[in-house]
There are 2 protein chains.
Amino acid sequence: MADFRLMQELRQKAPGKIVLLVMDGLGGLPIESGGPTELESARTPNLDRLAAEGTLGQTIPIRPGITPGSGPAHLALFGYDPLAYEVGRGVLEAIGVGTEVKKGDVAARGNFCTVNAFGKITDRRAGRIPTEEAAPIVEKLAHIRLSGVQIDVRQVKEYRFAVVMRGKGLEADIADTDPQQTGVEPLSARPLQPGSQRSADLFNAWMAEARMLLADQPKANSLTLRGFSTDPGLPQFTEIYGLRSACVAAYPMYKGVSRLVGMDVLRFEGDKPEDEFAAVARSWDDYDFFFIHIKKTDSMGEDGDFAGKAAVIESVDAALPALVDLKPAVLAVTGDHSTPARLRTHTWHPVPFLLWAPSTCLPDDHLAFGERACTIGGLGTIPATDVMPLLMAHASRLIKFGA
Amino acid sequence: MADFRLMQELRQKAPGKIVLLVMDGLGGLPIESGGPTELESARTPNLDRLAAEGTLGQTIPIRPGITPGSGPAHLALFGYDPLAYEVGRGVLEAIGVGTEVKKGDVAARGNFCTVNAFGKITDRRAGRIPTEEAAPIVEKLAHIRLSGVQIDVRQVKEYRFAVVMRGKGLEADIADTDPQQTGVEPLSARPLQPGSQRSADLFNAWMAEARMLLADQPKANSLTLRGFSTDPGLPQFTEIYGLRSACVAAYPMYKGVSRLVGMDVLRFEGDKPEDEFAAVARSWDDYDFFFIHIKKTDSMGEDGDFAGKAAVIESVDAALPALVDLKPAVLAVTGDHSTPARLRTHTWHPVPFLLWAPSTCLPDDHLAFGERACTIGGLGTIPATDVMPLLMAHASRLIKFGA
């Protein structure tokens, strides 16, 4: 918060553009102790040239040791401390599957569960039914109508789905209906303050109808809702940094988070790096800041596909000249967190960070972009929330503090 | 505080054990500008192998430039910001000599002083009388009895001692009786709030009796008390991290601080590294976390004995295989602060830190454990309070934050 005030006080207009290129889950680990990481093993002549001309470092996404989800990790890169600016689980689940959640909407994360003849939960995750099996069930729920509200129901994955209600007078302070144990009935939606009574009534009515539709299912014969939340009303990116800002992403979660902070989300065809960079080129004159998101580094990491992750990095590298040719004042290349193929999951490890700002940065003698070089890079190890002020500075968009 | 909540929200059970091996005052300085530090000069093949496989870094115990005492330095390593969680000087002095201070006890630090015939202080430290000379005097004071309280008096060193009172209705908000100047009388114990009146009366009665017993002493003919305090009721280690935790230390101060955070203190014979590691081995199955404290690195540093300090480090290295053979998931080797032999005292310098977690850590190209390697280690320079979250993460004991 204090830092946003600093940005607002010091920011100035400048012609230079800022590009933040995020390869999701970029940080990796060697398969064997002496070996290279995914990024170190990838052939990346273009990134290496930027590394040679630029400054390296590494970022801590949330706090040391804390493994971030995608939402908080991106908020941090945008300058929002994720511990101070929490986005509800319902909202993250909903925007992750492409539902827009506006101020006053109420989003919840849904779980299918299995109940016995007495209505007591026997499996909180409905036997983790496969996504294909859950799809037609979610489809049924999407037909439920309640007067006075629009309802959007979307499948997430396996036993998980998202519900968003939109209408007048809704509030999101509602307790979870998942009792977090088996052998008891799902709870009803209970308002945590009087203003949420109407929302709770609506969600209870919706759950009653849903349970009727599910009653004959062998596994997913009931459900619970939790993480009731709305657009948290984050300070808006443009108001903080004074940047006309655009998001170029192929996946819903990243578009969703960008919308929450007030970025424009650009439409484009395709999901390859060159498609995303072409989208940036087409809108180059209309924005000061571009956030570009590459998803597949993370997907390959989660699949444990070391070579596949390196290949995605190489495909980004191959497409990179198109981006550099646009002559951004500042180009930062990093990840939102680490997803080492060896561990097949998001991790807490610091994330390699490359800052390229040909007019202003101190080249730090590293000739290639990689984790080990970044650990001893000129920027040091910094919180991800420090990235935006650095990019602003290198784009000549911050004036001096004090006389 | 916020970070404890984070630990409590994110922690999960996992089988891997965590070992935190603290060589007190580990950080050192070269004797001559180009030379090695104590740690760098020591022959440490086992630590060097861990360094090659692990990740290095350095910790800031309190804040940059701040030299820590032993109590705050250890609290920081345990994750407690010493500026937020203050332990009173009386409590630290008392636990430093092996007195247990429980909630509701009142501990004070005592100084012998010299007063003249008018009762005015002429020397606030009684000519820094030697420990041997003070011992029988402290012994006398230990016989004072007051009704309704148990009193424990222990020698510390030279003119210093500790007094702990235990009984009903005691409170510790009492002003220091040391006027911090000569030429005036010692102050009486004055309650800082009404609840402390009884404790103040008792300490005044005790001081009156003590001064009668001291009246004929040539130097230590009076005394002052300060740092009145009780067990601060710190958040308990097990409740924060969910770890069954054990302290293996030979010296009272470290056992005392471990007790304050709720660790079990293991009993064992001997004070050599191999004795301590054997104690860990014996209790391996009973705990998730072991804090092992090696005192003599600090003692040698305070003695200005560069070679002696290096030899202690070598003795730890020689015993280390017994610890590594237990197969901890995470082994961290560090100090609580620096005590360079060249400066013969605790200092504020960052402390070398070695993190070894064979499944999860990024080896950072350093082949030996030493201050210079640590300054450019892969973990960067981190506050000591970040150590525990890192160890928790590397032991797979933290789930993801946010979606």
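Everything that follows concerns the structure shown earlier in this document.
Basis of the calculations
Residues numbered from 1 in each chain as written. Chains lettered and ligands numbered in written order. Predicted model: local features only at pLDDT ≥ 70, side-chain atom pairs only at ≥ 80, totals over all residues. Heavy atoms only, no water. Least-squares fit on C-alpha atoms with pLDDT ≥ 70 in both. Contact = heavy atoms within 4.5 Å. Helix = DSSP H or I, 4+ residues; strand = E, 2+ residues; numbered from the N terminus. Pairing = 2+ DSSP bridges. Axes fitted to C-alpha atoms, helices over the stretch in contact; angles between N-to-C directions. Buried area = accessible area lost by both parts, 1.4 Å probe. Polar contact = N/O pair within 3.5 Å; in protein donor to acceptor, adjacent residues only side chain to side chain. Phe/Tyr/Trp six-rings, centres within 6.5 Å; stacked < 30°, edge-to-face > 60°. Buried < 20%, exposed > 50% of the residue type's maximum accessible area, 1.4 Å probe, protein only. Lys NZ or Arg CZ within 6 Å of the ring centre and 35° of its normal. Parallel < 35°, antiparallel > 145°, perpendicular 65-115°, else oblique. Core = buried A, V, L, I, M, F, W, Y, C linked by side-chain atoms within 4.5 Å. Lys, Arg positive; Asp, Glu negative; His and termini not counted. Salt bridge = Lys/Arg side-chain N within 4 Å of Asp/Glu carboxyl O.

Bringing the relation of the copies chain B and chain A into the picture now. Of the two same-sequence chains, chain B is brought onto chain A (RMSD 0.2 Å, axial shift 0.2 Å) by a rotation of 125°. Taken together, the rotation and translation relating the two chain copies correspond to the operation of a three-fold axis. For chain B, the smallest separation between a C-alpha atom and the rotation axis is recorded for Ile376 of chain B, amounting to 3.2 Å. An asymmetric contact is evident, with only 3% of the interface residues of chain B recurring at the interface of chain A.

We now examine the environment of Gly110 of chain A. All names here are of chain A. Checked against the element boundaries, Gly110 lands in strand β3 (residues 106–115). Sequence spacing of Gly110 and Val153 is 43 residues, and the spatial spacing of their C-alpha atoms is 9.4 Å. Residues within four places of Gly110 in sequence aside, it is in contact with Tyr159, Arg160, Phe161, Thr224 and Leu225.

Residue and element names in this part refer to chain A. An order of β9-β8-β10-β1-β11-β12-β2-β13 is seen for the 8 strands of this open sheet, with the pairing classed as mixed. Of all the strands in the sheet, just β9 (264–265) and β13 (381–383) have a single pairing partner and so form its edges. Here 4 bridges tie strand β8 (residues 245–248) to strand β10 (residues 289–294), and the two strands are oriented parallel to one another. Looking at the pairing, Ser245 lines up with Phe289 of β10. The strands touched by helix α3 (residues 45–53) are β1 (18–23), β2 (55–60), β11 (330–334) and β12 (351–356); relative to β12, the strand with the most contacts, the crossing angle is about 70°. Helix-sheet contacts for helix α12 (residues 306–324) involve β1, β10, β11 and β12, and the interaxial angle to β1 is about 170°.

Right, let's talk about the interface of chain B and chain A for a bit. On the chain A side, the residues contacting the 29 residues of chain B number 33 residues. In this assembly, chain B packs against chain A so that about 2300 Å² is buried in total across both faces, 65% of it on carbon and sulfur atoms. The three residues of chain B that bury the most area against chain A are Leu362, Phe401 and Ala403 of chain B, which together make up 32% of that side's buried surface. For the pair chain B and chain A, the interface holds 8 residue pairs in polar contact (both at pLDDT 80 or more). When contributions to the side of chain B that touches chain A are tallied by element, the ones reaching two or more residues are α1 (2–10), α3 (45–53) and α14 (387–394) of chain B.

With that settled, the discussion passes to the packing of aromatic side chains. Under the definition given, this model contains 26 aromatic pairs over all chains. Taking the centre distance of 4.9 Å and the plane angle of 50° together, the rings of Phe237 of chain A and Phe289 of chain A count as tilted. Of this pair, Phe237 of chain A sits in helix α8 (residues 237–241) while Phe289 of chain A sits in strand β10; the two residues are 52 residues apart in sequence, bridging distant segments of the chain. A single burial state applies to Phe237 of chain A and to Phe289 of chain A, both of which are buried. Chaining the aromatic ring pairs together yields one cluster made of Phe4, Phe78, Tyr80, Tyr85, Phe237, Tyr241, Phe289 and Phe291 of chain A. The side chain of Lys17 of chain A reaches across the aromatic face of Trp284 of chain A, ending 5.9 Å from its centre. Over the ring of Tyr251 of chain B we find Lys295 of chain B, and its NZ or CZ is 5.9 Å from the ring centre.

Residue and element names in this part refer to chain B. Most of strand β7 (residues 222–229) is tucked away, with 8 of its 8 residues classed as buried. With 6 bridges joining them, strand β3 (residues 106–115) and β7 adopt antiparallel strand pairing. Opposite Asn111, over in β7, you have Thr224 as the bridge partner.

Two strands in a sheet stick together by hydrogen bonds in their backbones, pointing the same way (parallel) or opposite ways (antiparallel). Residues and elements named next belong to chain B. Read across the sheet, 8 strands follow the order β9-β8-β10-β1-β11-β12-β2-β13 without closing on themselves; strand pairing throughout is mixed. Lying at the two open borders of the sheet, with one neighbouring strand each, are β9 (264–265) and β13 (381–383). In this structure, strand β2 (residues 55–60) lies alongside strand β12 (residues 351–356), joined through 5 bridges in antiparallel fashion. Across the sheet, residue Gly57 finds its bridge partner in β12, namely Phe353. Of the strands in this sheet, β1 (18–23), β10 (289–294), β11 (330–334) and β12 touch helix α12 (residues 306–324), which is tilted by about 170° from β1. In the packing of α14 onto the sheet, the strands contacted are β1, β2, β10, β11, β12 and β13, and the crossing angle to β12 comes to about 15°.

On to unusual backbone geometry. At Asp365 of chain A, a position not held by glycine, the phi torsion is positive, near 75°. Relative to the elements of secondary structure, Asp365 of chain A occurs in the loop between β12 and α13 (371–375). The backbone of Gln180 of chain B sits at a positive phi, close to 60°, despite the residue not being glycine. Structurally, Gln180 of chain B can be placed in the loop between β6 (160–167) and α7 (197–214).

Another aspect to go through is the packing of α3 of chain A against α12 of chain A. Residues and elements named next belong to chain A. In the contact formed by α3 and α12, the axes pass within 7 Å of each other and the chain directions differ by 60°. On the basis of their axis angle, the class for α3 and α12 is oblique. Touching Pro45, Asn46, Leu47, Arg49 and Leu50 of α3 are Ile313, Asp317, Ala318, Leu320, Pro321 and Val324, all from α12.

To continue, consider the nonpolar core. Within soluble globular proteins, side chains that are nonpolar generally end up buried alongside one another. Ranked by size, the top nonpolar core spans 59 residues in total, and within it Phe78, Tyr80, Phe237, Tyr241, Phe289 and Leu391 of chain B carry the most contacts. Residues contacting Phe289 of chain B, with those up to four places away along its chain left out, are Ile18, Leu20, Phe237, Leu243, Arg244, Ser245, Ala246, Met263 and Met388 of chain B. In terms of nonpolar packing, the next biggest core, distinct from the first, is built from 49 residues, Ala94, Phe237, Met263 and Ala384 of chain A among them.

Let's shift gears to the side chain of Asp231 of chain B. Residue and element names in this part refer to chain B. Mapping Asp231 onto the fold places it in the loop between β7 and α8 (237–241). Buried Asp231, no salt bridge; nearest opposite-charge side chain is Lys103, N-O distance 5.3 Å. One polar contact links the side chain of Asp231 to the main-chain amide nitrogen of Gly233, over a distance of 2.7 Å. Sequence-distant contacts of Asp231, that is, excluding residues within four places in its chain, are made with Val91, Val101, Lys102, Lys103 and Leu260.

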